[in-house]
Amino acid sequence: MNRESPLLPHTEAREAALFFVIGALCFLAALAALTTRGTYAAAAAWGDQIEGEFTVVLQDTDRRTATGIADDIAQMTGIDGARLLSEAELDELLAPSFGPGGLPDGLPLPLLIAVQAAPDAPDPEPAITTILDQAEVEGEVSGHGGFARQVQRALAVLRLIGIGAVSLLAATAIAVIAFATHAALLARKDIVDVLHLSGAEDRFIARLFARRFWVLALQAGSGGALAALMTTALIVFSASSSGAVESQLLPRLSLDIVDFAILVVTPVIAGLAARGAARITVLQALKGTM
Amino acid sequence: MSRFRLSLNDEPALRLDQLHVGYGGSDPIIRDATLRLDQGDFSFLTGQSGAGKSTLLKTLYLALPPLQGEICLFGQSTWQMSRKDLASMRRRIGVVFQEFRLLDHLTAFENVALPLRVEGRKLDSYAHEVEDLLRWVGLGDRIDTPPPRLSGGEQQRVAIARALINKPDLLIADEPTGSVDPEMGRKIFRLFMELNKRFNTTVLIATHDIGLISEFDKPVLRIQDGRLSPVRGEVQA
């Protein structure tokens, strides 16, 4: 028969409650972190795309000349692509303004060249203006800079809110774990007292409880992180099945190495919080004794 | 029959000097307690319920800091001890608590072995000692039984065995016969006397059982009106 049972009892009902609390908080924290990261990635991609798009508006010219200009622009350094929009595309663009009846016949319309610049490419407007001058075509470059700046500002606020929410949730989780650990440990003050009066040093008792709550929080946190992983995997699977993952407006849940790092770190942080709280609680309880 | 002596020549096991005992923030329960117990002394502490016996004992087994005055254990003042020294000193004191304070999730064997485990000793080095002691207190057949499945008297004897396992230099017992019948009470007292003779352990037992005290020819101290005073034996308190 084993005659060296652990000095602390096996998991009790009150510790089961603590286990649930830590697991649930880790689930929420990990899921929030993953979602925020996905939102951050989606926002960055969205911003990059808007930043690199602009339109060249051509007045009083024919489609053949416009096509030549589009080809010249497409060959410029730092330009990923340029193409002349078809009449059908123009109709589609203007449909919200003119309704289902379509455009009035004989309405003079400009020709549009959609240009996609490479990220971090130099401002192409002077070179495009030169091309237009050489072709003797009147036109203007309509960048999305102003709109992009507004979008970037909105994205920055979104990122801050995301980081703030995750930080707040993480801080709350740590505080709740610490408080719940403190409460669970106070319920076992009888053991602290017996060990103390049996001649155990403060460090010995603190280490005993710190190890116990570290393991408990690590297990509970791992459970929570695993649940977050499964939930994220389910979202990724559902989104890719429905095609929603293609939308730039939706969070990009990917489950890459950084996501897995988040899932690993979450229970470790929970464990450290519980361990620290247990240690402090024991030492404070003993401080009141001789 | 002098069991309490006031001597400056040799270090006493326990010396109290003008000790005020109580809980912080309230008036002392006991004032100016002065006492000397030499190694091998055996004495009783009595007094009415609420007189302060348990509070005094708590202070003596280093669970409650004194409000004022000095406690010297084996020549060392507790004021000069670090927390590590206090822990080390607690290992020289065996305590039998009134409410036993056994850990329910451990067996009788493991409860008795607790002071040895916290000292860092390995099972192989103490298993025989613990078994022998449990047999000595009459629990040879209950070694692997947890406290909730033991009777009050059996739990009391486990608590006593735990107090004795590391052969303490000072044994303090708080109402050790409080939950047993008179016959078991006598047995427990005889066990303490045997320990006192066999290992020269200093023994201080708090009890309000005057009948039992009268059966043993040992010095008696009494707490009355917040004062500690001798009532039997050549006592200098």
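Summarised in this report is the structure supplied together with it. (Residues numbered from 1 in each chain as written. Chains lettered and ligands numbered in written order. Predicted model: local features only at pLDDT ≥ 70, side-chain atom pairs only at ≥ 80, totals over all residues.)

**Structural notes on the sheet that holds strand E5 (residues 76-77) of chain B**
Residues and elements named next belong to chain B. Spatially, the four strands line up as an open sheet ordered E2-E1-E4-E5, and their pairing is antiparallel. Two strands close off the open sheet at either side, each with one partner strand: strand E2 (30-37) and E5. In the sheet, strand E1 (residues 14-21) pairs with E2 via five bridges, with the strands oriented antiparallel. Looking at the pairing, Leu16 lines up with Leu35 of E2. (Pairing = 2+ DSSP bridges. Helix = DSSP H or I, 4+ residues; strand = E, 2+ residues; numbered from the N terminus.)

**Quick word on unusual backbone geometry**
All names here are of chain B. If you check the backbone angles, Gln18 has positive phi at about 50 degrees while not being a glycine. Residue placement: Gln18 occurs in strand E1. In this structure, Arg101 is a non-glycine residue whose phi angle is positive, near 55 degrees. Tracing the backbone shows Arg101 in the loop between strand E6 (93-96) and helix H3 (108-118). Using a count of 19 C-beta atoms within 10 Å as the deciding quantity, one classes Arg101 as partly exposed. (Buried ≥ 20, exposed ≤ 12 C-beta atoms within 10 Å, placed from the backbone.)

**Things to note about the packing of helix H6 (residues 189-197) of chain A against helix H8 (residues 257-287) of chain A**
In a packed pair of helices, the relevant descriptors are the angle between the two axes and the axis-to-axis distance. Residue and element names in this part refer to chain A. At a minimum axis separation of 11 Å, H6 and H8 run at an interaxial angle of 60 degrees. The orientation of H6 with respect to H8, classified from their angle, is oblique. Taken as a pair, H6 and H8 cross one another with a handedness that is right-handed. Contacts between H6 and H8 pair Lys189, Val192 and His196 from the former with Val282, Ala285 and Leu286 from the latter. In terms of residue class, the contact of H6 with H8 is built from four nonpolar, one polar and one charged. (Axes fitted to C-alpha atoms, helices over the stretch in contact; angles between N-to-C directions. Parallel < 35°, antiparallel > 145°, perpendicular 65-115°, else oblique. Left-handed = near helix turned anticlockwise from the far one by under 90°. Contact = placed C-beta atoms within 7 Å. Nonpolar A, V, L, I, M, F, W, Y, C, P; charged D, E, K, R; others polar.)

**Describing the interface of chain A and chain B**
The interface is formed by 18 residues belonging to chain A together with 26 residues belonging to chain B. Examining the composition of the side of chain A that touches chain B, we find that four residues originate from one element, H6 of chain A, more than from any other. Looking at side-chain class alone, the side of chain A that touches chain B contains 10 nonpolar, four polar and four charged residues.

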